[in-house]
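Tertiary structure, described
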Amino acid sequence: MWAKRLLAMMFAGAIALSAPGLASAERAPIVPTCLIVYQNEDLRDDANIAANLAGHFNMNREIEPLSQLTPEAVAKADSIIAILQKPDETFERKLQAEGKPGHSVLWVGAADGDSKTPAAEIRYKGNVIQELNTTVYPLRVREGMDKLAEVSDGTNVYTLAAHAGNEWRYASPQLTGAPGLVFADMLHDVFHAEHADDYHEAYIRIEDVHPLTDPKKLRAIADFLYSRHIPFMVAVIPVYTDAAGGNVVNFEDKPEFTAALHYMEDRGGSLIMHGYKHRYRDGETGEGFEFWDAQSDKPIPDEAAYMTDKLEKGIARMAKQGLYPLAFEPPHYAMSQTGYRIVNRYFSTLVGNLQLNDTTYLVSQQPPYRLQHSLAGLKVVPETIGYVADEAGAAAPMLEKAKQLMIVRDSVIGAFFHPYLKLSQLTELVDGLSALNVDFIDLKAESNEVRTDFITIRSDGGQVTASIQNRSKLDALAAVPAKSKLAPLFSLVMTWGIAAVVTLFLIMFFWFLLLLRTRRKKRLFYEEVRS
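Note that the structure is a prediction, hence the values are computed from the model and not measured.

Glancing now at the packing of aromatic side chains. All told, the structure shown has eleven aromatic pairs when counted by the stated rule. Taken together, a centroid distance of 6.0 Å and an interplanar angle of 85° make the contact between Phe 57 and Tyr 369 edge-to-face. Of this pair, Phe 57 sits in the loop between α2 (44-54) and β2 (60-65) while Tyr 369 sits in the loop between β17 (364-365) and β18 (371-372), and the two are 312 residues apart along the sequence. The residues Phe 57 and Tyr 369 share a single accessibility class, namely buried. Between Phe 289 and Tyr 361, the aromatic rings sit 4.9 Å apart at their centres with planes inclined by 65°, giving edge-to-face as the arrangement. Of the two residues, Phe 289 sits in the loop between β14 (269-273) and α8 (303-320) while Tyr 361 sits in the loop between β16 (354-355) and β17, which places them 72 residues apart along the sequence. With a relative accessible area of 26%, Tyr 361 lands in the partly exposed category. Here a set of aromatic residues connected by ring pairs shows up, and it is made of Tyr 280, Phe 291, Tyr 306, Phe 328 and Phe 347. Here the basic side chain of Arg 219 rests over the ring of Tyr 263, its NZ or CZ set 4.7 Å away from the ring centre.

Within the open sheet, the three strands sit side by side as β15-β19-β18. Their pairing is mixed. Two strands bound the open sheet, and with one partner strand each, they are β15 (349-351) and β18. Two strands pair when backbone bridges link them, and β15 and strand β19 (residues 379-381) are joined in this way by three bridges, in the parallel orientation. What sits directly across from Leu 350, in β19, is Val 380.

With respect to topology, nine strands assemble into an open sheet ordered β2-β1-β3-β4-β9-β8-β7-β5-β6, the strand pairing being mixed. Looking at strand neighbours, the two that pair on one side only are β2 and β6 (127-130), the edges of this open sheet. Each strand of the sheet is rotated relative to its neighbour by a mean of 20°, with strand direction disregarded. Of the pairings in the sheet, the one linking strand β8 (residues 157-164) to strand β9 (residues 167-170) comprises four bridges and is antiparallel in character. Considered in β9, the bridge of Ala 164 is made with Glu 167. Along the sheet, α2 makes contact with β1 (33-38), β2 and β3 (79-84), crossing β2 at roughly 170°.

As a further point, take the nonpolar core. Core analysis: the largest hydrophobic core is formed by 124 residues, its most contacted members being Ile 81, Leu 106, Leu 225, Leu 261 and Leu 311. At eight residues, helix α5 (residues 177-190) tops the list of elements feeding residues into this core. Residues within four places of Leu 261 in sequence aside, it is in contact with Val 209, Leu 218, Val 234, Val 236, Phe 251 and Leu 323.

With that settled, consider the side chain of Thr 241. With respect to the secondary-structure elements, Thr 241 resides in strand β12 (residues 240-241). Owing to a relative accessible area of 2%, Thr 241 belongs among the buried residues under this scheme. When neighbours within four sequence positions are excluded, Thr 241 is seen to be in contact with Asn 247, Val 248, Lys 277, Arg 279, Gly 283, Glu 284 and Thr 285.

As a further point, take the pattern of salt bridges. Side chains that carry opposite charge are capable of pairing whenever their charged atoms lie near each other. Taken as a whole and judged by the stated rule, the model has 25 salt bridges. Lys 76 is the salt-bridge partner of Glu 62, the closest N and O atoms lying 2.9 Å from each other. Here Glu 62, found in strand β2, pairs with Lys 76, found in the loop between α3 (71-75) and β3; they are 14 residues apart in sequence, far enough to count as distant. The class of Lys 76 is partly exposed, set by a relative accessible area of 44%. Residues Arg 370 and Glu 446 are paired through a salt bridge, measuring 2.7 Å at the closest nitrogen-oxygen approach. Of this pair, Arg 370 sits in the loop between β17 and β18 while Glu 446 sits in the loop between β21 (439-440) and β22 (448-451), placing them 76 residues apart in sequence. One salt-bridge network, in which partners are shared between bridges, spans Lys 125, Asp 185, Asp 189, Asp 197 and Arg 409.

Criteria and cut-off values
Residues numbered from 1 in each chain as written. Predicted model: local features only at pLDDT ≥ 70, side-chain atom pairs only at ≥ 80, totals over all residues. Heavy atoms only, no water. Phe/Tyr/Trp six-rings, centres within 6.5 Å; stacked < 30°, edge-to-face > 60°. Helix = DSSP H or I, 4+ residues; strand = E, 2+ residues; numbered from the N terminus. Buried < 20%, exposed > 50% of the residue type's maximum accessible area, 1.4 Å probe, protein only. Lys NZ or Arg CZ within 6 Å of the ring centre and 35° of its normal. Pairing = 2+ DSSP bridges. Axes fitted to C-alpha atoms, helices over the stretch in contact; angles between N-to-C directions. Contact = heavy atoms within 4.5 Å. Core = buried A, V, L, I, M, F, W, Y, C linked by side-chain atoms within 4.5 Å. Salt bridge = Lys/Arg side-chain N within 4 Å of Asp/Glu carboxyl O.

So, in structure tokens, the structure goes:
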């Protein structure tokens, strides 16, 4: 399937280049514009979700509150997504009067009345998805409209989506979860994108790989995936720190770990940078956040300087070892909207899900397909079916979710696996994904870029290249602080010191017991003599 797509793209490009003038700057393709309008601030996160999803379709996106909407914005839009909490006939007439001829309109949310909340079964394109508590609004399907999706509570059936001409209606405020799959797939029709129904991608990401990770397990994972002809991703944390912060472990401390990462690359792995230490303030590496203050649930203070330092050091530490990351994954997917822009200064590609606002990290988006971030411009490869839990049969619910995702055209079935688990648990997941006829993503085969003023890393066609612009800066950023090297020794001394104190205490305790026993015997002896 992918080979057919590539040939079609090459054929189209050859036609464009062979036609007189079509390759010139004056005749560059016109990128369509999608206008996302939201009725009030409660719907701003939904507007961000819609704008991000529209980034799957190569279009300019503009987000406007209804209160500030101008006729000019409406007139230049090729498509409009209107997100409402209650019907607004005045707004509908405005779009009809001021909109560009032939523009598409997708109405989201309120249509004809108050919300209903059935314990829903969703029916779409012959598929049935069990989904509890899906909120839908009553939607009267006007004459000439086709029903696209329905929900049922077992007794009543409600229309979830309908279509006629260039108008679509989606009668739910939910743009995520199972209803969101219907919404995401509908956008192909709203934007007139002719994408194949049967093309789906997948990836497996080996998660939280840091210098204390067992290199033997990493090699075993690489061998297994290589034997199955499956490319994979490796989420690398350059520096390990224990919960107290005293034990810091770097690449230089574990050469066998560094060698294992090179081995994984040779066996089909693509490296991504998963933070720098994967901790903020305290906590063990892999447990804490790093680019979001989770305790206060707010952005990191002095965010630009903090993130610049962590990103540059992480890239330098890896590059110093000849390890070249091709993408970035934020720890716990948590990051401010400004943070995404900062990341995009360095990385072209982000792997993971998206935080939607700067109010809380708890509001996030799990897109079902690849997209371009609406604010930062990052290429996003989403994670969609979660991680393999340390329990029997953990892959089964993940695979069930994968099958649901396949109702969406171009869907990405993204999963991650922790290397401390048994290899048999990964085997179960791989067997299930392979049976779904998906294309596994190989980042090295795609165009990705990491940009700094000291090194540039690029991938394309299965090759990764690195060009060093400033060796002295790279070396300075990659240098291991002296205290980091002394910390394990300090920890060792403290451990033995505590052990010595405890041993001395025990010796004194037993000596005191022996002394008391000796005195007691003497006292008893004297008492017997006197008697």
